[in-house]
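One letter stands for each residue in the lines below.
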Amino acid sequence: MLSNVLQVLFNMSDIAVVGRFSGPIALGAVGSTATLVTLFTGFLIGLGSGINALVARFLGAGSREETQRTVHTALALSLIFGAVLLLLGELTAVPLLKLLGTKEELIDGATIYLRIYFLGMPLWWTGGVIVYLAMFAIGMIHLKKSRTYSMLPREPKEEVNDK
């Protein structure tokens, strides 16, 4: 959920900067890409959540090898997905914008913005997965240290006999 909020703030900041320093056509062009940007962010959030679920499953099962394989596969796949989205996005930017009903006077500016956005897809997706894995790792470290609300097994307590 925090990722969604950050993405909305990112898009709002783009719109604010463009609105401040450019005209209404440029503002409309950037704003018309918000649906696609949110869509791709949602895909990334779903991918990160799925990866975290698999990593948690393998960690819980005590399978270090499967955990490592999952992390490495996730990083490779996110880079590949990002590259595929880059290629598809560059090729389909105009048809996607027309499909969304973008006004004709906004198409040129929106296409430029969207193509720049797609250029960052491989690193954005890989970086997003790294951030998800890092947040998961920090959470696991915290749980391991506190064990207060943890579902991890607790250390056995020593019994004290007062006899």
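Residues numbered from 1 in each chain as written. Predicted model: local features only at pLDDT ≥ 70, side-chain atom pairs only at ≥ 80, totals over all residues. Heavy atoms only, no water.

**Q** Where do I start with the environment of Leu-77 in this structure?
**A** Tracing the chain through its elements places Leu-77 in helix α4 (residues 64-99). Exposure remark for Leu-77: the relative accessible area of 36% places this residue in the partly exposed category. Through-space distance from the C-alpha of Leu-77 to that of Leu-47 is 9.9 Å; in sequence the pair is 30 residues apart. (Helix = DSSP H or I, 4+ residues; strand = E, 2+ residues; numbered from the N terminus. Buried < 20%, exposed > 50% of the residue type's maximum accessible area, 1.4 Å probe, protein only.)

**Q** Hey, could you run me through the packing of α4 against helix α5 (residues 104-119) in this one?
**A** When two helices pack together, their arrangement is given by the angle between their axes and by how far apart the axes lie. It is the contact of α4 with α5, at a shortest axis distance of 9 Å, that shows an interaxial angle of 165 degrees. Taken as axis vectors, α4 and α5 run roughly antiparallel relative to one another. For α4 against α5, the interelement crossing comes out right-handed. Contact residues: Leu-85, Leu-86, Gly-89, Glu-90, Ala-93, Val-94, Leu-97 and Lys-98 in α4; Glu-104, Ile-107, Ala-110, Thr-111, Leu-114, Arg-115, Phe-118 and Leu-119 in α5. In terms of residue class, the contact of α4 with α5 is built from 10 nonpolar, 2 polar and 4 charged. (Axes fitted to C-alpha atoms, helices over the stretch in contact; angles between N-to-C directions. Parallel < 35°, antiparallel > 145°, perpendicular 65-115°, else oblique. Left-handed = near helix turned anticlockwise from the far one by under 90°. Contact = heavy atoms within 4.5 Å. Nonpolar A, V, L, I, M, F, W, Y, C, P; charged D, E, K, R; others polar.)

**Q** Help me out: how do you make sense of the packing of aromatic side chains in this one?
**A** Each pair of aromatic rings is reported with the distance of its centres and the angle of its planes. Scanning the model with the defined rule gives 3 aromatic pairs in all. Aromatic pair Phe-40 and Phe-118: ring centres 5.4 Å apart, planes at 75 degrees, arrangement edge-to-face. Here Phe-40 is found in helix α3 (residues 34-60), whereas its partner Phe-118 is found in helix α5, with 78 residues between them in sequence. Phe-118 shares its class with Phe-40; the two are buried. Among the aromatic residues, those joined into a ring-pair cluster are Phe-40, Phe-43, Tyr-117 and Phe-118. (Phe/Tyr/Trp six-rings, centres within 6.5 Å; stacked < 30°, edge-to-face > 60°.)

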